[in-house]
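# Geometric and topological summary
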Amino acid sequence: MKSATASPIKIARRGLMLVISSPSGAGKSTIARNLLEADPELSISVSVTTRARRPSEIEGRHYFFKSIREFEALRATDSLLEWAEVHGNFYGTPRDAVEAAMAEGRDMLFDIDWQGAQQLQEKMGGDVVSIFILPPSMAELQSRLHRRAEDSEEVIATRLANSRAEIEHWREYDYIVVNDDLDRAFSAVRAIVEAERLRRDRRPGLFEFVNRLLTENPF
Ligand SMILES: Nc1nc2c(ncn2[C@@H]2O[C@H](COP(=O)(O)OP(=O)(O)O)[C@@H](O)[C@H]2O)c(=O)[nH]1
Ligand SMILES: Nc1ncnc2c1ncn2[C@@H]1O[C@H](COP(=O)(O)OP(=O)(O)O)[C@@H](O)[C@H]1O
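Residues numbered from 1 in each chain as written. Chains lettered and ligands numbered in written order. Predicted model: local features only at pLDDT ≥ 70, side-chain atom pairs only at ≥ 80, totals over all residues. Heavy atoms only, no water.

Definition in use: UniProt positions are given in the numbering used here, feature names are shortened, and annotations may be inferred rather than shown by experiment.
Identification of the protein chain as Guanylate kinase from Sinorhizobium psoraleae is taken from an unreviewed UniProt entry. Database annotation for the protein chain, UniProt heading Catalytic activity (unreviewed entry): "GMP + ATP = GDP + ADP". The record in UniProt for the protein chain states the following under Sequence similarities (unreviewed entry): "Belongs to the guanylate kinase family."

What follows is the structure, given as structure tokens:
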């Protein structure tokens, strides 16, 4: 067998773009938060929104809260990688943070809706892995929104009314996880991230490892 000279691989590590979507109250923020705590390789894309801040939310951590005028300025300057209107408010992904993560080959998590997932897929193609979180039942979805106690009855009603139309997009996602038991759903999402990293040679340190094997080859 003829073999080529073993020269170090030059390919840079490409970051994984992990999208998590679900109808409101299914548990995507909880799963995303647990994932970020458990996985130091992952950072989250903090969106901008025109929605009012919830009592528990922190500016710059959960969202960058903007007026409609500020949001329109971001759109006009092409500062958003994608944006959509969801439940009567505007939401968008700041371009800068994503480009910085991609340039450094860091993995990034996106808590965005199906419209955002579609746009990201169009722009980033194969780097996107998408997960749709389903509630175990519509009754449980409703009680989770009430138990969360962050939104008014009117806001909860809008979110429930929109949940059917959101769930109808489930087929567009790579993975579907039913969030019945939180530990089980979380384990499934972690397994997806781990498998996708391995599948795409994105395991942290893999490129360096193979380069070392090739350059140290004494044969
Ligand atoms: N397209 C898009 N959707 C977003 C973005 N940020 C948040 N969303 C989605 O907007 C919807 C409403 O989010 P939020 O008001 O935080 O309510 P929650 O779903 O009840 O937690 C959810 O489906 C989010 O995933 C974004 O930057 N772009
Ligand atoms: N598996 C689960 N079982 C019971 N409650 C859950 C589960 N997952 C999430 N929750 C709770 O349901 C509510 C909605 O979850 P959240 O993560 O805010 O949903 P989303 O981000 O999809 O709107 C929160 O109060 C959360 O603690």
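### Re the UniProt feature "binding site: ATP" (unreviewed entry) in the protein chain
Filter applied, for reference: The helix and strand labels rest on DSSP assignments: H or I over at least four residues marks a helix, E over at least two residues marks a strand, and numbering proceeds from the N terminus. Contacts: residue pairs with any heavy atoms within 4.5 Å of one another. What qualifies as a polar contact is a pair of N or O atoms within 3.5 Å, subject to a donor-acceptor requirement within protein and to the restriction that residues adjacent in sequence count only when both atoms come from side chains. Note on classification: 1.4 Å probe, protein chains only; a residue is buried when its accessible area is under 20% of the maximum for its type, exposed when over 50%, partly exposed between these limits.
Those places that UniProt annotates as "binding site: ATP" (unreviewed entry) correspond, in this numbering, to Ser22, Pro23, Ser24, Gly25, Ala26, Gly27, Lys28 and Ser29. Counting through the fold element by element, Ser24 comes out in the loop between strand 1 (17-21) and helix 1 (28-38). In this structure, Ser24 is in contact with His87, Leu141, Leu145, Arg148, Arg159 and Glu166, ignoring residues within four places of it in sequence. A polar side-chain atom of Ser24 sits 3.3 Å from a polar atom in the side chain of Arg159. With respect to the helices and strands, the residue Gly25 is situated in the loop between strand 1 and helix 1. We classify Gly25 as buried; its relative accessible area is 12%.

### Side note on the site of ligand 2
In plain terms, the rule: Nearness of a residue to a molecule or strand requires only that one of the residue's heavy atoms be within 4 Å of it.
Around ligand 2, the structure places 17 residues, and the nearest of them are Gly25, Ser29, Thr30, Arg148 and Asn179. At 2.9 Å, a backbone N or O of Lys28 approaches an oxygen atom of ligand 2. Within the side chain of Asn179, one N or O atom sits 2.8 Å away from a nitrogen atom of ligand 2. Of all the secondary structure elements, the ones that give two or more residues to the shell around ligand 2 are helix 1 and helix 5 (138-148). Examining the composition of the shell around ligand 2, we find that 4 residues originate from one element, helix 5, more than from any other.

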